[in-house]
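Residue-level structure breakdown
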Amino acid sequence: MRNIVYILIAIVIFTSCEDVVDIEVPNAPPKLVIDASFELYTNEIPVNLDGGVRLTLSAPYFDRNVPTVSDAEVFITNKNNNSIVNFIESGEPGFYIPETIGFLPEFNTTYELTVNYLGETYIATAQLIPTVPIDNVEQGDATLFDEDETELIVTFTDDGNRNDFYLFDFDFSLFLASEDRFYQGQSFKFSYFYENMVAGQNVTIKILGVDERYYNYANLLIEQSEQDGGNPFLAPPAVLRGNVINTTNQENFAFGYFNLAEADRVQFTIESKNFRKRK
């Protein structure tokens, strides 16, 4: 009992000596953040296109609420034939989807995204980048740092006729960028380690084809998110310019990226480690 009293006294002394520190964070004028990402699943029947255009405003670092933009005009132009696909805001504030179904980007075609907001016009161009399918996903028994980690082993075969850049999405806002410099045209196998996974938990693993510029952009975002936490593609932790240009006022640039990726995905259910040992 006497030890408990001493501990309580120590806590009171140390807490009474603490000072409240106010950190002054510079507040810059908010900028438009354009996250326009589309994934085309050509191996699925019917062919599926996932994604949309998410518009938000940059906010001070410690703000928990990210302002959404609901009063913008958004459309994509096919530069080969000048056809236009208009976008409307979905039921989710700030998230815009095609007004009519049937928008399926094609290879070797340039698409231009246009966003009109507060009298200024933002544009970005992109082409659909091909990928390869995922050959296999299996659960392994290895660990990297912690015995509670779960290993998934991913296998795919690179296309030897081109230089490929990939973005892997491991669900739960976990990403990995890779280039085929060291496995050109070969079957490649690698391990990815999850923390705090439980048996029966479902994960979706995706492989996206990206160009070299988006590969570099994604690498920087992933590096920043490892330091600050969170989803790297929701908002940039630091000033990181994408491929969006303000044609009205270049000084008032926007954050974000317009990306079109062919993709493939595999769903996997985590097995119990005890069950795996009995197999």
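If you're wondering where the values come from, they're calculated on a predicted model, not measured in any experiment. Each chain carries its own residue numbering, running from 1 in the direction its sequence is written. Totals for whole chains, interfaces and linings use every residue, but because this is a predicted model, local features are given only for residues with pLDDT of at least 70 and side-chain atom pairs only at 80 or more, for both listing and counting. Neither water nor hydrogens contribute to the side-chain values; these are computed over all heavy atoms in the structure.

For the rest of this paragraph, the subject is the nonpolar core. With 28 residues, the main nonpolar core has Leu32, Ile34, Val53, Leu55, Val115 and Phe258 as its most contacted residues. Those elements that place two or more of their residues in this core are strand S1 (32-41), strand S2 (48-57), strand S3 (73-78), strand S4 (84-89), strand S6 (110-117), strand S7 (120-129) and strand S15 (255-269). The element contributing the most residues to this core is S1, with five residues. In this text, buried Ala, Val, Leu, Ile, Met, Phe, Trp, Tyr and Cys residues form a nonpolar core when linked through side-chain atoms within 4.5 Å. The classification of residues rests on relative accessible area computed with a 1.4 Å probe and restricted to protein chains. Under 20% of the type maximum is buried, over 50% is exposed, and intermediate values are partly exposed. Core analysis: the second largest hydrophobic core is formed by 19 residues, Val132, Phe168, Phe170 and Phe268 among them. Here a helix means four or more residues in a row that DSSP labels H or I, a strand means two or more in a row labelled E, and each is numbered from the N terminus.

Classification of ring pairs rests on two measures: the distance between centres of Phe, Tyr or Trp rings, Trp counted by its six-membered ring, which must be within 6.5 Å, and the angle between planes, read as stacked under 30 degrees, edge-to-face over 60 and tilted in between. According to the stated counting rule, one finds 24 aromatic pairs in the structure shown. With a centroid separation of 6.0 Å and an interplanar angle of 85°, the aromatic rings of Phe38 and Phe103 are classed as edge-to-face. You can see Phe38 sitting in strand S1 and its partner Phe103 sitting in the loop between strand S5 (95-98) and S6, a full 65 residues away along the chain. Accessibility assignment for this pair places Phe38 and Phe103 in one class, buried.

Our focus in this paragraph is the pairing of S7. For a regular strand, side-chain orientation follows a simple rule: the groups alternate between the two sheet faces. Where S6 lies against S7, eight bridges are found, and the strand directions are antiparallel. In the strand pairing of S7, Tyr111 is matched with Ala126. The hairpin formed by S6 and S7 contains two residues between the paired strands, and Leu118 there has a positive phi angle of roughly 50°. As defined by bridge partners, S7 adjoins strand S14 (residues 245-246) across two bridges and the pair is classed as antiparallel. By the bridge assignment, Tyr122 is partnered in S14 with Asn246. Here S7 pairs with S15 via two bridges, running parallel. Considered in S15, the bridge of Ile129 is made with Ala261. Two strands are said to pair when DSSP picks up at least two bridges between them.

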